[in-house]
Amino acid sequence: MLKFGLAVVASFCVAGCLSPQRAMGGGGNGGSSSGGGASAQTFVYAQGAMQRGPLDLELDFYPGGTSCVAPRPVMVFVHGGGFKGGDRSRGKKTSEAFAAEGFNAFSIDYRLLSDRPQPSGPYRSVASMIAQSGEDQGMSNAVAAAFEDTVSALRFVRSNASNLCSDPNKVVLYGRSAGAITVLNVAYALDDLGIKRPKIRGVLSNAGGGLMDGTVEQGDVPVMLMHGQKDDVVPYADAEAVWAQTQATGTAAHFHSFTNRDHGINAFSLRVGGKPLIDVAIDFAKDAVNGQVFGSIRTTN
């Protein structure tokens, strides 16, 4: 039996619309300038069930250009905050950097612990499995809801690909902390939890982990791991465990560790081989969407 590996959370849905619904008021990033040359737009991508009723779930869209010459690759950013805090504005700088390189970037909100989320369908079983590992039911529901909402956001991107000049077959997920835990599980574990995995081309994990044992399989999409060796929030050993799964299955992985860093991996200030980490991440994403990540690389910085 698979062992669920999300005890780390203690330390710290509905289908997407067929046509995009603009959020009233523009949201936290509405009207801000994106690196792609156009202003970010806020959309409602789904509704999430809570104890007190449905919640509109919003994302900010940073287009990778001002005109649609050809469908663009996509990056979906999932923020951190221990499943308790944070919002899509935390993905603004990363989204702008990806948009400047021609990606359509989407930074999403998802239901948090304080929302008292009620996962739907098979995600209720995911919450139950997390609870069985020792987590309280409220946090278990929040983690499962984050998985569900991320899948709903991916469904929105696919459903609105032609409207938003996006290539639904060239999508990567990028997560930070709790968001990284989320994207890793969405990318690799959902099928082991009885849920069809979404079609993506790669995943980037900034200070994440928490995968079940045995979830990375031969032929899975490539992953880029960024982690501080002194991280005491999401332990460095969690990233090592993901790396071990990739190497056991021949899955391409790039692992960039930082010897004197804790949980604060700043992709804009840290460097790998003299190159800004954010540029390394964008290059990995470009290769991933084009199926050009071959073999594994590991660096210590």
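Residues numbered from 1 in each chain as written. Predicted model: local features only at pLDDT ≥ 70, side-chain atom pairs only at ≥ 80, totals over all residues. Heavy atoms only, no water.

## Examining the overall build of the protein
Logical step 1: Along the backbone of the protein there are six helices and twelve strands.
Logical step 2: Within the protein, the fraction of its 301 residues that count as buried is 57%.
Logical step 3: Carbon and sulfur atoms form 49% of the exposed surface of the protein, whose accessible area is close to 11600 Å². (Helix = DSSP H or I, 4+ residues; strand = E, 2+ residues; numbered from the N terminus. Buried < 20%, exposed > 50% of the residue type's maximum accessible area, 1.4 Å probe, protein only. Areas by Shrake-Rupley, 256 points an atom, 1.4 Å probe, with all protein chains shown as cover.)

## Describing helix 5 (residues 236-249)
Logical step 1: The end-to-end C-alpha distance of helix 5, which contains 14 residues, comes to 21 Å, matching closely the 20 Å that a straight helix rising 1.5 Å per residue would cover.
Logical step 2: Those residues of helix 5 that are buried lie in contact with helix 4 (178-188), strand 8 (223-228), strand 9 (253-258) and strand 12 (297-300).
Logical step 3: With its phi angle positive at about 75°, Gly 250 sits one or two positions after the end of helix 5. (Expected span 1.5 Å × (residues − 1). Contact = heavy atoms within 4.5 Å.)

## Here we look at the packing of aromatic side chains
To describe a pair of aromatic rings, you give the distance between the ring centres and the angle between the ring planes.
Logical step 1: Scanning the entire structure with this criterion turns up eight aromatic pairs.
Logical step 2: Arranged with centres 5.4 Å apart and planes meeting at 35°, the rings of Phe 77 and Tyr 174 form a pair that is tilted. Of this pair, Phe 77 sits in strand 4 (residues 72-78) while Tyr 174 is found in strand 6 (residues 166-176), placing the two residues 97 residues apart along the sequence.
Logical step 3: Take Tyr 174: its relative accessible area is 2%, and that puts it in the buried class.
Logical step 4: Both rings, one in Tyr 236 and one in Phe 255, keep their centres 5.8 Å apart while their planes meet at 35°; by these two values the pair is tilted. (Phe/Tyr/Trp six-rings, centres within 6.5 Å; stacked < 30°, edge-to-face > 60°.)

## Brief notes about the side chain of Asn 141
Logical step 1: Tracing the backbone shows Asn 141 in helix 3 (residues 137-159).
Logical step 2: On the accessibility criterion, Asn 141 (14% relative accessible area) is buried.
Logical step 3: Excluding residues that lie within four positions of it along the chain, Asn 141 makes contacts with Pro 117, Gln 118, Pro 119 and Ala 127.

## Focus: the nonpolar core
Logical step 1: Within the largest apolar cluster, 58 residues are counted, with the highest numbers of intra-cluster contacts made by Tyr 45, Val 76, Phe 83, Phe 106 and Tyr 188.
Logical step 2: Element by element, the count of residues in this core is highest for helix 3, at eleven residues.
Logical step 3: Those residues in contact with Tyr 188 that lie beyond four places of it in its chain are Arg 197, Val 203, Leu 211, Thr 215, Val 216, Asp 220, Val 221, Pro 222 and Val 223.
Logical step 4: Core analysis: the next-biggest nonpolar cluster, separate from the first, contains 30 residues, Phe 77, Val 172, Ile 278 and Phe 284 among them. (Core = buried A, V, L, I, M, F, W, Y, C linked by side-chain atoms within 4.5 Å.)

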